[in-house]
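Residue strings, one per chain:
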Amino acid sequence: MGDGQDVSSTISTKLQRIAELARQKPEQALVNLAHHIDLEWLAEAYRRTRKDGATGVDGVTAALYAQDLEGNLRSLLERFKSGTYRAPPVRRTHIPKGTGNETRPLGIPTFEDKILQRAVAMVLEAVYEQDFMSCSFGFRPGRSAHQMLDALRGTVMEMRGCWVIEVDITKFFDTISHALLREILSRRVRDGVVARTVGKWLNAGVMEEGRLSHPEAGTPQGGVISPLLANIFLHEVLDTWFARDVLPRLQGRARLFRYADDFVIVCSNGGDARWVLEAMLPERFGRYGLTLHPKKTRLIDFRKPRPPRGGNGPGSFDLLGFTHVWARTRMGGYAVQQRTARSRFKRALQRVAQWCRGHRHDPIPEQHAMLSQMLRGHCAYYGRTWNSLALTRFREAMWRLWVKWLGRRSQRARMTQNRVRRLPKLPPALAIHSHCRPVAIA
């Protein structure tokens, strides 16, 4: 299959050709895309696929699949091109959602299915990246949650306050219409092999506790292809509709910010915001079989506080794990601050406590190394400007949990002050993404 670097270079050239073709024909459905997927393409897809993920219904691990990698990829390519590939059902598990006892269903495909999903996603991504709009940030190359947070904060600060439409789509990934998704996909991609394969994934079914079901709607979260299909669906349902039909009819400024199915709309005019929330969004989403959560979808008065009101402003909202509030700065003015959401803070500490409990008998250096890694990972996401206090609180709480579970290793393992002082210290909690402390980025 050739050297890995040469393969990646070849695939990059093919992706550029597909992207250029899509850019030259923005209104035309593309055919003959499947022929780009060859053995080298699958090898690159294999390279990009995580090797440490949970196994699917067949129990095949990445290590087992790699024992005859070339033979397995040749077989996969032949079945894909001939149309004989059968998409296996995804194994469904449930993970905590972070709000009470709610859980989120997670679909786990087989390792081979992940490779093929990655290969097809690479093709579709090259096409749709030419169409996707700047308001979309989730699961796209070169775009991130922090870019969306920066853009959102900058827009609100520029508006000096606004009305925020906070939207929650009820069970979005479980209610995407298969028929509507196929129709939307066919407007841009009309390759028979690719379309049939996507259809097989939609109809593959779900295996849960030994029972196989075939939902008539939805794409299981956890699949490689699922976030891209969600972006394609909402690009049509929301992004283009908002730019084409909503913005020209508003009296004031407005902007949409979307990360996968999480999105907010900020409006400088309160009347515009109420009209979009009450008249436009429910009708548009209902046309595509989607419903807005009645309690989690709301309008927030997020205007800049004025004396003598003071305080933290009239409202706040949560997005991407952060609570957004107006708060005073050290200079005495007001600014939008993004702080760790309470539910995310609690959930992160629960994971730390669970790990400390299960690994309390491990050697101290190994525990310290893992906890340090967890703290750095937490700071890598939540380390934003004006969130240093929450980071410090998290580090202190992590330290207390570690000491607590070390003291429960046995009846003689009580953590005295001398023992605690001899423990290696956790690394400092730095605001990695702080624009006030550029040195923290290094």
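Worth saying up front: this structure is predicted, and the values here are computed from it rather than measured.

Trainee: Lay out the overall build of the protein chain in plain terms, naming residues and giving numbers.
Mentor: The helix and strand inventory of the protein chain stands at 15 helices and 11 strands. The C-alpha radius of gyration computed for the protein chain amounts to 24 Å, which stays within 12% of the reference 22 Å derived for 442 residues, consistent with globular compactness. By principal-axis analysis of the C-alpha atoms, the protein chain measures approximately 65 × 65 × 45 Å. With 442 residues in all, the protein chain has 48% of them scored as buried. Long-range pairs, those at least 24 residues apart, make up 71% of the contacts in the protein chain with a sequence separation of at least 6. Working note: accessible area of the protein chain is about 22,300 Å², and carbon and sulfur atoms make up 50% of it. Taken as two groups, the 70 positive and 41 negative side-chain charges of the protein chain have centres that lie 11 Å from each other.

Trainee: Any details on the side chain of Thr197? Residues and values, ideally.
Mentor: Among the structural elements, Thr197 can be located in helix α9 (residues 192-202). In this structure Thr197 comes out as buried when scored by relative accessible area, which is 4%. At 2.8 Å, the side chain of Thr197 and the backbone oxygen of Val193 are in polar contact. Other than its neighbours up to four places away in sequence, Thr197 contacts Phe80 and Leu116.

Trainee: Break down empty space enclosed by the protein for me, citing the residues and quoting the values.
Mentor: To find leftover empty space, one rolls a probe the size of a water molecule over the atoms. Enumeration over the complete set of coordinates arrives at two cavities of 30 Å³ or more. Val90, Gln117, Trp201, Pro220 and Ile225 are the residues nearest the centre of the largest cavity, which is lined by 15 residues in total. Counted by class, the lining of the largest cavity contains nine nonpolar, five polar and one charged residues. Put simply, the second largest cavity is a space of about 40 Å³. Arg79, Phe80, Gly83, Tyr85, Val193, Arg196, Thr197 and Lys200 are the residues that line the second largest cavity. Every element with two or more residues in the lining of the second largest cavity is listed here: α4 (69-82) and α9.

Trainee: Hey, could you go over the sheet that holds strand β6 (residues 254-259) for me, with residue numbers and the actual values?
Mentor: In space, the four strands of this open sheet follow the order β6-β7-β3-β8, with antiparallel pairing throughout. Looking at which strands have only one partner, the edges of the open sheet turn out to be β6 and β8 (298-303). In this sheet, neighbouring strand axes are inclined to one another by 20 degrees on average, regardless of whether the strands run parallel or antiparallel. In the sheet, β6 pairs with strand β7 (residues 262-267) via six bridges, with the strands oriented antiparallel. Across the sheet, Phe257 pairs through a bridge with Val264, a residue of β7. Contacting β3 (161-167), β6, β7 and β8, helix α6 (residues 145-159) runs over the sheet at an angle of about 160 degrees to β6.

Trainee: Account for the confidence of the model for the protein chain, naming residues and giving values.
Mentor: Residues with a pLDDT of 70 or more make up 93% of the protein chain, whose mean pLDDT is 90. With pLDDT under 50 throughout, residues 309-313 is counted as low confidence; its partners more than four residues away or in other chains account for 11 contacts. Taken as a whole, residues 437-442 scores under 50 in pLDDT and shows six contacts with residues more than four places along the chain or in a different chain.

Trainee: Explain the packing of helix α8 (residues 178-186) against α9 residue by residue, including any values.
Mentor: For any two helices packed against each other, one specifies the crossing angle of their axes together with the interaxial distance. For the pair α8 and α9, the least separation of the axes is 11 Å and the interaxial angle reads 160 degrees. Accordingly, the angle class assigned to the pair α8 and α9 is roughly antiparallel. Between α8 and α9 lies a crossing of right-handed hand. Counting all contacts with α8, which are made through His178, Leu181, Arg182 and Leu185, the residues of α9 involved are Val198, Gly199 and Leu202. Residues that form the contact of α8 with α9 fall into these classes: four nonpolar, two polar and one charged.

Conventions used here
- Residues numbered from 1 in each chain as written.
- Predicted model: local features only at pLDDT ≥ 70, side-chain atom pairs only at ≥ 80, totals over all residues.
- Heavy atoms only, no water.
- Helix = DSSP H or I, 4+ residues; strand = E, 2+ residues; numbered from the N terminus.
- Rg over C-alpha atoms; globule rule 2.2 N^0.38 Å.
- Buried < 20%, exposed > 50% of the residue type's maximum accessible area, 1.4 Å probe, protein only.
- Contact = heavy atoms within 4.5 Å.
- Areas by Shrake-Rupley, 256 points an atom, 1.4 Å probe, with all protein chains shown as cover.
- Lys, Arg positive; Asp, Glu negative; His and termini not counted.
- Charge placed at Lys NZ, Arg CZ, Asp CG, Glu CD.
- Polar contact = N/O pair within 3.5 Å; in protein donor to acceptor, adjacent residues only side chain to side chain.
- 1 Å grid on protein atoms, 1.4 Å probe; cavity = no way out; pocket = protein on both sides within 12 Å on 5 of 7 lines; lining within 4 Å.
- Points joined across faces, edges and corners; volume = space filled by probe spheres on them.
- Nonpolar A, V, L, I, M, F, W, Y, C, P; charged D, E, K, R; others polar.
- Pairing = 2+ DSSP bridges.
- Axes fitted to C-alpha atoms, helices over the stretch in contact; angles between N-to-C directions.
- pLDDT = per-residue confidence, 0-100.
- Parallel < 35°, antiparallel > 145°, perpendicular 65-115°, else oblique.
- Left-handed = near helix turned anticlockwise from the far one by under 90°.

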